[in-house]
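# Structure at a glance
Listed here are the chains, written in short residue letters.
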Amino acid sequence: MTRVNENLADSRDLLTLTAKVVVLAPVPEALDYAVPEGMELAMGDHVVVPLGHAKVRGLVIGLMREAVDFPLKPILSKPDDPPVPENALQFWLWAANWTVTPPGAFLNGCLRALKVARAQVRMGYVRSGVEPARMTKARERVIETAVLPMGLGELALAAGVSEGVVTGLAKEGVLEKVALPVDDRIPQPDPDFAPARLNPSQSAAHQLLQMEQVKGFAPVLLDGVTGSGKTEVYLESVADVLRADPTAQVLVLLPEIALTQAVMGRLKARFGVEVAQWHANIGNTSRRRIWEGVATGKVRLVVGARSALFLPYQRLGLIVIDEEHDSSYKQEEGVRYHARDLAVFRARMDGAMVVMASATPSLETLTNAEKGRYTWIRLEQRHGAAVMPDIELIDMKVHAPDKGAKNEQRWLSDTLVAEVWETLKRREQVLLFLNRRGYAPLVLCKACGEKMSAPNTDSWLVEHRSSGRLVCHLTGFSMRKPKICPHCKAVDSLVSVGPGVERILEEVQSRFPDARAEVFSSDTVPDAASSAALIRRIEDHDIDIVIATQAAAKGHNFPNLTLVGIVDADLGLKGGDLRAAERTFQLLQQATGRAGRSVKPGKALLQTYSPEHPVMQALAHQDREAFYAYESMAREAAGFPPHGRLAALILQAKDPKLLDRFSRELALFIPNTEGIDVYGPADAPLALVRGQWRKRFLVRADRNRDIQAFVNHWLAAIKRPNAIRLIVDIEPYSFL
């Protein structure tokens, strides 16, 4: 017996302890490395390994003892970073496979926060006792807030001002710049701090959510009209999870930064602390601190944009996706994914409830609810005394705007202008909605017809008159507006075509000279602090007329805002996007829902040249079900989502001939598979972007087909030249 044990021990000594490591590079699979003697490793640990002549970071995804035929390269070191919890790691690897992305490239994005060194000192501001030369309401709020030292962004956000107000006071000596101590303490949300007083319908919805929560994995559609109090309901579910399990973590996903700030105040009021927030504008130091806090379980509640889904949660007890229909949950750069779809899978992995809240659910989510895959909870009445706004269509073929005093083009009809006057007389506020940034979407030469476009890009330049520049919203290119046409050299021949929000502001200032008007768009509120400051001015009624893009269309509650005017209701219907009608309906329903959210009744007027369109009729009659039934029937006939699946392949290259030749070769290797159709190759609608020529394929599959396996099998059949870039987009939202 002893002899056998000795043999087993001898054979064990011959085996090598190896680690499977996903290196943070675009390598198609995990690589094997030898574990050095004395190094303790576990799944999810960070390591540094040799790759070619370089040293790269990676994550351990498996350990085993095995006989090897050749010596393996050893792991070089183990960085002192919190290990990635197993559930998070498995989710990341699944998501890489779902998006047809090399696992190392995907994990590299998930670990980006660790590339920043841990900070030791950061600077902040505290009031010095010096009085400012000029006092304003904004400055007064900063001085009142800066009793204790606070960081620049924190102080601006707490006071509801832009960062420029804070730095201006610092230059005058009113605020003193001081070093802030490093504070690794993470305040814990208190689920019993300030429970909401729910009305009967909210209480019923909350009780239904409590019943779902005990089931483990439970996808729920919280479907409530604008102003029905969905946020209060799901925040009570957040409190339930935090209260029931001291180790559970909660993620609240929001579609954009402006909405994040609108919710942050409500979260602090409900839970008594500033909760961790995760979005593009947080600093690198905060980003690393939150990442580590989530990985160790110290951060229990996170509010953030779509990328917050990929933080290394130890155990998620609840995911909330607010405004789940919003298209900004779809990542359109780098790795293409939809946060809503991936969040449902993450909840399944953790046995958690996932609540998708919306007044205008996506057709995909609504179909899942109708078929019983998701629990469907409805809130059909506005909170308190508020009622839904009256909605009227203005046929612009009949009520075309008149010319101005100087024969200038105008964009607001007499009907809308008259209603604005009546609203201002009642000392109430107006929102004029146009989802188009800048002054004009097109600048052309009236002498030769040349359209100003971005260099090496099939995209028109948008005039931003406030800055005097022409800007490409696709590539970020900008230039001063020239006085001479670059094509024909005619002087002062460039004219602005069409309206943007800046042009509507110009008309408003001309028609309503005594009204205080401002633009609410990503150009005027580029960061969280400026967004909070503008929202505060609207709430304080320092603004009478808000001219806004979609940045203000959802999630905000302005009690004195009673009129919404949609300047161009037809705008989103243009183009060949299969979701154009759905997105237009959702956006306009959300925008009109800003009116009358308190005791004062609201009204919405939609200017349209197509009043007979199903979207306009559904909005006017507030008949959501009819529109969704019509839209679903059209999609089902074509086999499009949610009744089928799509994948896009986008090929890009600087050499158009090489691109054309390879795209034709790739078409020859399309697998012949029942239930799957492939269209293309075709020139992309934006055929040239940043000097790169673009071709597209579109794959349509029946719902029961594995579209990822089909794409992987197809792409493996042919070697792609290095000069050609390939983007795979599963369930695309953009077809440009």
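## Quick look at the overall build of the protein chain
What the protein chain contains, in helices and strands, is 20 helices and 30 strands. Relative to the 2.2 N^0.38 estimate, which gives 27 Å for 736 residues, the radius of gyration of the protein chain is 28 Å and therefore close to what a compact globule would have. Expressed along its principal axes, the backbone C-alpha trace of the protein chain runs to roughly 105 × 65 × 55 Å. A total of 736 residues make up the protein chain; the buried ones form 52% of that total. Nonlocal contacts in the protein chain, meaning residues at least 24 apart in sequence, comprise 74% of its contacts between residues at least 6 apart. Counting only carbon and sulfur atoms, one obtains 52% of the accessible surface of the protein chain, whose full area is about 33,300 Å². Put simply, the protein chain has 90 plus and 87 minus side-chain charges, and the middle of one group is 4 Å from the middle of the other.

## Notes on the side chain of serine 358
Within the fold, serine 358 resides in strand β14 (residues 353–358). With near-sequence residues (within four places) excluded, serine 358 lies in contact with Leu222, Asp223, Gly224, Lys230, Glu324 and His325.

## Side note on helix α7 (residues 200–213)
For α7, built from 14 residues, the straight-helix expectation of 20 Å at 1.5 Å per residue is met to within 8% by its first-to-last C-alpha distance of 20 Å. Looking only at α7, the buried set comprises Gln202, Ala205, His206, Leu209, Glu212 and Gln213. An end-on view of α7 places all buried positions within 115° of arc, on one side of the element. Those residues of α7 that are exposed and angled more than 90 degrees off the buried face are Pro200 and Met211. On its buried side, α7 packs onto β7 (218–224), α8 (230–244), β14 and β15 (375–379).

## Things to note about the nonpolar core
Trp92, Trp291, Phe310 and Phe520 are the most contacted members of the largest nonpolar core, which has 83 residues in total. Of all the elements, helix α2 (residues 86–98) adds the most residues to this core, at six residues. One finds Tyr234, Leu235, Val238 and Val263 within the second-largest nonpolar core, a separate group that totals 31 residues.

## Quick notes on the sheet that holds strand β2 (residues 31–34)
Sheet strands pair via backbone hydrogen bonds, and the direction of the pair is either parallel or antiparallel. One open sheet holds the four strands; their spatial order is β2-β1-β4-β3, and the pairing between them is antiparallel. In this open sheet, the two edge strands, each paired with only one partner strand, are β2 and β3 (46–51). For this sheet, the mean inter-axis angle between neighbouring strands, taken without regard to orientation, is 55°. In this sheet, β2 lies alongside strand β1 (residues 16–23) in antiparallel orientation, the contact comprising four bridges. Bridged to lysine 20 within β2 is aspartate 32.

## Some points on the environment of leucine 698
One can find leucine 698 in strand β29 (residues 692–701). A C-alpha to C-alpha distance of 9.2 Å links leucine 698 and phenylalanine 735, two positions 37 residues apart in sequence.

## Concerning the sheet that holds β29
If you walk across this open sheet you meet the four strands as β28-β29-β27-β30, and the pairing is antiparallel. In this open sheet, the two strands that pair with only one neighbour each are β28 (676–689) and β30 (725–730). For this sheet, the mean inter-axis angle between neighbouring strands, taken without regard to orientation, is 20°. Where strand β27 (residues 645–653) and β30 come together, six bridges link them in antiparallel fashion. Bridged to leucine 651 within β30 is leucine 726.

## Notes on the packing of aromatic side chains
This model, assessed by the stated rule, comprises twelve aromatic pairs. Arranged with centres 5.4 Å apart and planes meeting at 80°, the rings of phenylalanine 106 and phenylalanine 310 form a pair that is edge-to-face. With phenylalanine 106 in helix α3 (residues 103–110) and phenylalanine 310 in the loop between β10 (301–304) and β11 (316–322), this residue pair connects regions lying 204 residues apart in the sequence. In terms of burial, phenylalanine 106 and phenylalanine 310 fall into one category: buried. One aromatic cluster in this structure is built from Phe91, Trp94, Trp98, Phe106, Phe310, Tyr337 and Phe345. The ring of tryptophan 278 has arginine 287 lying over it, and the distance from NZ or CZ to the ring centre is 4.8 Å.

## Brief notes about the pattern of salt bridges
It is possible for side chains bearing opposite charge to pair when their charged atoms get close. The final tally for this structure, using the stated rule, is 49 salt bridges. Here aspartate 32 makes a salt bridge to lysine 20, at a shortest N to O gap of 2.9 Å. Of this pair, aspartate 32 sits in strand β2 while lysine 20 sits in strand β1, and the two are twelve residues apart along the sequence. The exposure class assigned to aspartate 32 is partly exposed, which follows from its relative accessible area of 28%. Classification of lysine 20 as partly exposed rests on a relative accessible area of 30%.

## Regarding the confidence of the model for the protein chain
When pLDDT is averaged along the protein chain, the result is 91, and 95% of the positions lie at 70 or above. Segment residues 1–12: pLDDT under 50, and one contact once partners within four positions in sequence are set aside and those in other chains are kept.

## Things to note about the side chain of arginine 511
Mapped onto the fold, arginine 511 is located in helix α14 (residues 501–511). A polar atom in the side chain of arginine 511 sits 3.4 Å from the side chain of aspartate 402. If we skip the residues at most four places from it in the chain, arginine 511 touches Asp402, Arg410, Leu412, Val417 and Trp421.

## A few points about helix α18 (residues 624–638)
Taking 1.5 Å of rise per residue, the 15 residues of α18 would be expected to cover 21 Å, and the 22 Å separating its terminal C-alpha atoms lies within 8% of that figure. Here α18 has its buried residues at Arg624, Phe627, Tyr628, Glu631, Ser632 and Arg635. One side of α18 holds all its buried residues, which, seen down the axis, span an arc of 125°. In α18, the exposed residues that point more than 90 degrees away from the buried face are Met633, Glu636 and Ala637. Phi turns positive one or two residues past the end of α18, at glycine 639, with a value near 75°.

## Observations concerning unusual backbone geometry
With the exception of glycine, the majority of residues adopt a negative phi angle, and the majority of peptide bonds are in the trans configuration. Going from proline 641 to proline 642, the amide bond is cis rather than trans, its omega being 10°. In this structure, proline 642 sits in the loop between α18 and β27. Omega for the bond connecting glycine 680 with proline 681 falls within 30 degrees of zero, at 10°, which places this linkage in the cis form. Note that proline 681 resides in strand β28. A positive phi angle, near 60°, is found at asparagine 456, a position not held by glycine. Structurally, the position occupied by asparagine 456 is in the loop between β18 (442–445) and β19 (462–464). The phi angle at histidine 541 is positive, at roughly 60°, despite the residue not being glycine. As for its placement among the helices and strands, histidine 541 is situated in the loop between α15 (528–539) and β24 (545–548).

## Focus: the environment of alanine 105
In this structure, alanine 105 sits in helix α3. Taking the relative accessible area as the measure of exposure, alanine 105 reaches 30% and is therefore partly exposed. If sequence neighbours within four positions are ignored, alanine 105 has contacts with Ala25 and Pro26.

## Some thoughts on the packing of helix α5 (residues 152–159) against helix α6 (residues 163–171)
A pair of packed helices is characterised by two quantities: the angle between their axes and the separation of those axes. Axis separation between α5 and α6 bottoms out at 8 Å; the angle between their running directions is 115°. It follows from the interaxial angle that α5 and α6 lie roughly perpendicular. Helix-helix and strand crossings are classified by hand; for α5 and α6 the assignment is right-handed. From α5, Leu152, Gly153, Leu155 and Ala156 reach across to α6, where they touch Glu163, Val166 and Thr167.

Definitions and limits used
- Residues numbered from 1 in each chain as written.
- Predicted model: local features only at pLDDT ≥ 70, side-chain atom pairs only at ≥ 80, totals over all residues.
- Heavy atoms only, no water.
- Helix = DSSP H or I, 4+ residues; strand = E, 2+ residues; numbered from the N terminus.
- Rg over C-alpha atoms; globule rule 2.2 N^0.38 Å.
- Buried < 20%, exposed > 50% of the residue type's maximum accessible area, 1.4 Å probe, protein only.
- Contact = heavy atoms within 4.5 Å.
- Areas by Shrake-Rupley, 256 points an atom, 1.4 Å probe, with all protein chains shown as cover.
- Lys, Arg positive; Asp, Glu negative; His and termini not counted.
- Charge placed at Lys NZ, Arg CZ, Asp CG, Glu CD.
- Expected span 1.5 Å × (residues − 1).
- Arc of directions from axis to C-beta.
- Core = buried A, V, L, I, M, F, W, Y, C linked by side-chain atoms within 4.5 Å.
- Pairing = 2+ DSSP bridges.
- Axes fitted to C-alpha atoms, helices over the stretch in contact; angles between N-to-C directions.
- Phe/Tyr/Trp six-rings, centres within 6.5 Å; stacked < 30°, edge-to-face > 60°.
- Lys NZ or Arg CZ within 6 Å of the ring centre and 35° of its normal.
- Salt bridge = Lys/Arg side-chain N within 4 Å of Asp/Glu carboxyl O.
- pLDDT = per-residue confidence, 0-100.
- Polar contact = N/O pair within 3.5 Å; in protein donor to acceptor, adjacent residues only side chain to side chain.
- Parallel < 35°, antiparallel > 145°, perpendicular 65-115°, else oblique.
- Left-handed = near helix turned anticlockwise from the far one by under 90°.

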